[in-house]
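Each chain, letter by letter, is given below.
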Amino acid sequence: MTQMLPAGLLATATVAASSANLGPGFDSIGLALSVYDEIIVETTDSGVQIEVEGQDADQLPRDAHHLVVRAIRCGLRAAGVSAPGLVVRCRNVIPHSRGLGSSAAAVVGGLASVNGLLAQADSTPLSQDQLIQLASEFEGHPDNAAASVLGGAVVSWIDRSCNPPGFAAVRLRLHPDIHLFPAIPEDRSSTAETRMLLPTQVSHDDARFNISRAALLVVALTERPDLLMLATEDVLHQPQRAPAMSTSAEYLRLLRRCGIPAVLSGAGPAVIALSTEPELPAEALEYGLVNGFAVSEMTVGDGVRWSAGVAASN
């Protein structure tokens, strides 16, 4: 029997942006970044009220179609509870449509906020494994979602023997010598549209190449950052997406010519450098400035945090 939550419960979730793929780790390797959205949820007697501030505040729906609301409803169903009404307040800091996992963060944050409500109703919270599974079902792959749930770097996978498919991930300890430099452009892109640029079949040579680089990437991220240039090579998705984001593709080539390991962040158009150097070369910074990229150093992000009541913002 579904438990009805009373009105007046308050919960908060704070969730990190993420960068997926990291070159060869297509749909499987991800990394949380230290940019955070905050979601505050309150149960009410009826209806749905949405308040949004920050990124794209004027472009997002204010009803049950909002992605955070859909995630909250999903989490409530999974926990066997319901709420007759909701007030949802979203403080959006993660840039949208840039390849920084904003949609995955919205879903993970919505699901995690449910745990803050459950804590006040003596109900069992959703586990990390459940958060990864439920969040990944929204997008069909777990790399961004797992990074936002667990924090740090992650390796994720899909078990297609399950129905629905099973999603899982493990966290990696990012080597402390790696500095992260996301370069976020003003231009946007659609993951769905850029995914259409990818071929449905690849050669054995290309598959073998990416498998070797993805395996090496795990070693480079955790133990041997000196191998990052080799480990971030990719032939399966970045070259194919380049024509749709020529400025980002040129920035990527420039960084790598300067000896800086760099990749598209997710489906782009953001680019992220993973360097053992504490600063980017002047040439790279100049290109970013001239071409409208916001370039800054970030640290690896924490896993999603939730609390009963309103927590302090990051």
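Looking at an unreviewed UniProt entry, one finds the protein chain named Homoserine kinase and attributed to Mycobacterium kyorinense. UniProt, in the comment section headed Subcellular location (unreviewed entry), describes the protein chain in these words: "Cytoplasm".

Close contact between helix α9 (residues 246-257) and helix α10 (residues 282-290) brings their axes to 10 Å; oriented N to C, the two are set at 170°. Considering their axes alone, α9 and α10 lie roughly antiparallel with respect to each other. In contact with Thr247, Glu250, Tyr251, Leu254 and Leu255 of α9, α10 contributes Glu283, Ala284, Leu285, Tyr287 and Gly288. When the residues that make up the contact of α9 with α10 are grouped by side-chain class, the tally is six nonpolar, two polar and two charged.

Glancing now at the pairing of strand β11 (residues 271-275). Counting buried positions over the five residues of β11 gives five, a clear majority of the element. Residues Val271, Ala273 and Ser275 of β11 are buried on one face, and the alternating residues Ile272 and Leu274, pointing to the opposite face, are buried as well. Pairing of strand β9 (residues 179-185) with β11, which is carried by five bridges, proceeds in the antiparallel orientation. Considered in β11, the bridge of alanine 183 is made with valine 271. Examined bridge by bridge, strand β10 (residues 262-264) and β11 share three bridges and lie antiparallel to one another. Paired with leucine 264 across the bridge in β11 is valine 271. Here β10 hands over to β11 after six residues, with glycine 266 in that stretch at a positive phi of 60°.

Here we take up the UniProt feature "domain: GHMP kinase C-terminal" (unreviewed entry) in the protein chain. Here, the residues flagged by UniProt with the feature "domain: GHMP kinase C-terminal" (unreviewed entry) are residues 228-286. Within the segment residues 228-286, helix and strand shares are 42% and 14% respectively, and the terminal C-alpha atoms sit 23 Å apart.

Another point: the nonpolar core. Of all hydrophobic cores here, the largest spans 51 residues; its most connected members are Leu31, Leu33, Leu111, Leu221 and Leu274. Looking at which element gives the most residues to this core, the answer is strand β3 (residues 25-44), with six residues. In this structure, this core is formed jointly by two domains, domain 1 (3-172 + 300-308) and domain 2 (179-295), each of which donates at least three residues. Excluding residues within four positions of it along the chain, leucine 221 makes contact with Leu22, Ile29, Arg173, Leu174, His175, Ile178, Leu228 and Leu274.

Attention shifts here to the domain arrangement of the protein chain. Under the domain assignment used here, the protein chain contains domain 1 (3-172 + 300-308) and domain 2 (179-295). A C-alpha centroid distance of 26 Å is found between domain 1 and domain 2. Counting residues at the interface gives 24 residues for domain 1, matched by 34 residues for domain 2. Roughly 2,100 Å² is buried in total at the junction of domain 1 and domain 2, and carbon and sulfur atoms are behind 63% of that figure. The interface formed by domain 1 and domain 2 contains two salt bridges. As a salt-bridge pair, arginine 195 and aspartate 27 come within 3.1 Å of each other at their nearest N and O atoms. For the pair domain 1 and domain 2, the interface holds 14 residue pairs in polar contact (both at pLDDT 80 or more). No other element matches the six residues that β3 contributes to the side of domain 1 that touches domain 2. Each residue belonging to the side of domain 1 that touches domain 2 can be placed in one class, and the counts come to 12 nonpolar, nine polar and three charged.

With that settled, consider the state of the cysteines. One pass over the structure, following the stated rule, counts zero disulfides. Looking at cysteine 74, it has no disulfide partner, and the nearest cysteine sulfur is the one in cysteine 90, 16 Å off. With relative accessibility at 12%, the residue cysteine 74 sits in the buried group. Residue classification places cysteine 90 among the buried positions, given a relative accessible area of 2%.

Moving on, we get to the pattern of salt bridges. Taken as a whole, this structure holds 11 salt bridges when the rule is applied. Across the pair arginine 305 and aspartate 302 runs a salt bridge, and its minimum N-O distance is 3.3 Å. Looking at arginine 305, the relative accessible area reads 34%, which means it is partly exposed.

Okay, the packing of aromatic side chains next. Summed over all chains, the structure comprises three aromatic pairs. Where tyrosine 251 meets phenylalanine 293, the ring centres are 4.9 Å apart and the plane angle is 65°; that geometry is what we call edge-to-face. Of this pair, tyrosine 251 sits in helix α9 while phenylalanine 293 sits in strand β12 (residues 293-295), and the two are 42 residues apart along the sequence. For phenylalanine 293, a relative accessible area of 8% puts it in the buried group.

Each value, and the rule that gives it
Residues numbered from 1 in each chain as written. Predicted model: local features only at pLDDT ≥ 70, side-chain atom pairs only at ≥ 80, totals over all residues. Heavy atoms only, no water. UniProt positions renumbered as here; feature names shortened; annotations may be inferred. Axes fitted to C-alpha atoms, helices over the stretch in contact; angles between N-to-C directions. Helix = DSSP H or I, 4+ residues; strand = E, 2+ residues; numbered from the N terminus. Parallel < 35°, antiparallel > 145°, perpendicular 65-115°, else oblique. Contact = heavy atoms within 4.5 Å. Nonpolar A, V, L, I, M, F, W, Y, C, P; charged D, E, K, R; others polar. Buried < 20%, exposed > 50% of the residue type's maximum accessible area, 1.4 Å probe, protein only. Pairing = 2+ DSSP bridges. Core = buried A, V, L, I, M, F, W, Y, C linked by side-chain atoms within 4.5 Å. Domains from an automatic or database assignment. Buried area = accessible area lost by both parts, 1.4 Å probe. Salt bridge = Lys/Arg side-chain N within 4 Å of Asp/Glu carboxyl O. Polar contact = N/O pair within 3.5 Å; in protein donor to acceptor, adjacent residues only side chain to side chain. Disulfide = S-S within 2.5 Å. Phe/Tyr/Trp six-rings, centres within 6.5 Å; stacked < 30°, edge-to-face > 60°.

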